[in-house]
Amino acid sequence: MKKWNELTPGSVILEAGSSRKFKTGSWRAHKPVWKEENCIQCLFCWMYCPDMSIKMDGEKRAEFDYDYCKGCGICALECPGKKGQKAIVMEEEGK
């Protein structure tokens, strides 16, 4: 761990492409759970996820990358689901 005087002002990260080094998934209190049977493959979750935590398999949505998901819930909010049933629901972490 760096000492205070070794940090850049504002703790700005100057190294491009370094986000893969910082797994932030342990921050969340809730996690998204994908219910594939309710998914219409609209990819709204993928488009709106600020952490790029939704993996793709070709042109279809795949599982979450929980190493980087912070549990913000944007994916669940934007998910239209199928016939009134959301494809992404938020659950308390650890369930």
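Preceding this section is the structure that the text describes.
Residues numbered from 1 in each chain as written. Predicted model: local features only at pLDDT ≥ 70, side-chain atom pairs only at ≥ 80, totals over all residues. Heavy atoms only, no water.

Let's talk about the overall build of the protein chain
The helix and strand tally for the protein chain stands at two helices and four strands. Element order for the protein chain, N to C, with α for helix and β for strand: β-α-β-β-α-β. Its C-alpha atoms give the protein chain a radius of gyration of 16 Å, clearly above 12 Å, the size a compact globule of 95 residues would have. C-alpha atoms of the protein chain, sized along the principal axes, occupy 55 × 30 × 20 Å. When each of the 95 residues of the protein chain is scored for burial, the buried share is 31%. The contacts of the protein chain with a sequence gap of at least 6 include a subset with a gap of at least 24, amounting to 62%. (Helix = DSSP H or I, 4+ residues; strand = E, 2+ residues; numbered from the N terminus. Rg over C-alpha atoms; globule rule 2.2 N^0.38 Å. Buried < 20%, exposed > 50% of the residue type's maximum accessible area, 1.4 Å probe, protein only. Contact = heavy atoms within 4.5 Å.)

As for the nonpolar core
Of all hydrophobic cores here, the largest spans 11 residues; its members are Trp34, Cys39, Cys45, Cys49, Ile54, Phe64, Cys75, Ala76, Cys79, Ala87 and Ile88. Filtering out sequence-adjacent residues up to four positions away, Ile54 remains in contact with Cys45, Trp46, Cys49, Arg61, Ala62, Glu63, Phe64 and Cys75. (Core = buried A, V, L, I, M, F, W, Y, C linked by side-chain atoms within 4.5 Å.)

Some points on the side chain of Thr24
By the secondary structure assignment, Thr24 is in the segment before β1 (30–34). Within the local environment of Thr24, its side chain forms a polar contact with the backbone oxygen of Tyr68, the two atoms lying 3.3 Å apart. In this structure, Thr24 is in contact with Asp67, Tyr68, Cys69 and Lys70, ignoring residues within four places of it in sequence. (Polar contact = N/O pair within 3.5 Å; in protein donor to acceptor, adjacent residues only side chain to side chain.)

What to know about the environment of Phe44
Inspection of the secondary structure puts Phe44 in helix α1 (residues 44–48). Since its relative accessible area comes to 34%, Phe44 is described here as partly exposed. The spacing of Phe44 and Leu77 is 33 residues in sequence and 9.8 Å in space, taken between C-alpha atoms.

What about the packing of aromatic side chains?
One pass over the full model with this rule turns up two aromatic pairs. Judged by centre distance (6.4 Å) and plane angle (90°), the rings of Phe44 and Tyr48 are edge-to-face. With Phe44 and Tyr48 both in helix α1 and four residues apart, the pair spans about one turn of that helix. The residue whose ring lies beneath Lys31 is Tyr66, and the NZ or CZ to ring-centre distance is 5.2 Å. Positioned above the aromatic ring of Phe64 is the side chain of Arg61, whose terminal nitrogen or guanidinium carbon lies 4.4 Å from the ring centre. (Phe/Tyr/Trp six-rings, centres within 6.5 Å; stacked < 30°, edge-to-face > 60°. Lys NZ or Arg CZ within 6 Å of the ring centre and 35° of its normal.)

Description of the pairing of β1
Consecutive side chains along a regular strand alternate between the two faces of the sheet. Burial analysis of β1 places four of its five residues in the buried class, which makes it a mostly covered element. Relative to strand β4 (residues 88–92), β1 is paired through five bridges, and the arrangement is antiparallel. Bridged to Val33 within β4 is Val89. (Pairing = 2+ DSSP bridges.)

Comments concerning a nonpolar patch on the surface
Together, Phe44, Trp46, Met47, Tyr48, Met52, Met56 and Ile74 line one region of the surface with nonpolar side chains, adding up to about 640 Å² of accessible area. Broken down by element, the nonpolar patch gets its largest block of residues, four residues, from α1. On the accessibility criterion, Tyr48 (44% relative accessible area) is partly exposed. (Patch = residues over 30% accessible without salt bridge, like charges linked within 9 Å, V, L, I, M, F, W, Y side chains within 5 Å. Areas by Shrake-Rupley, 256 points an atom, 1.4 Å probe, with all protein chains shown as cover. Salt bridge = Lys/Arg side-chain N within 4 Å of Asp/Glu carboxyl O.)

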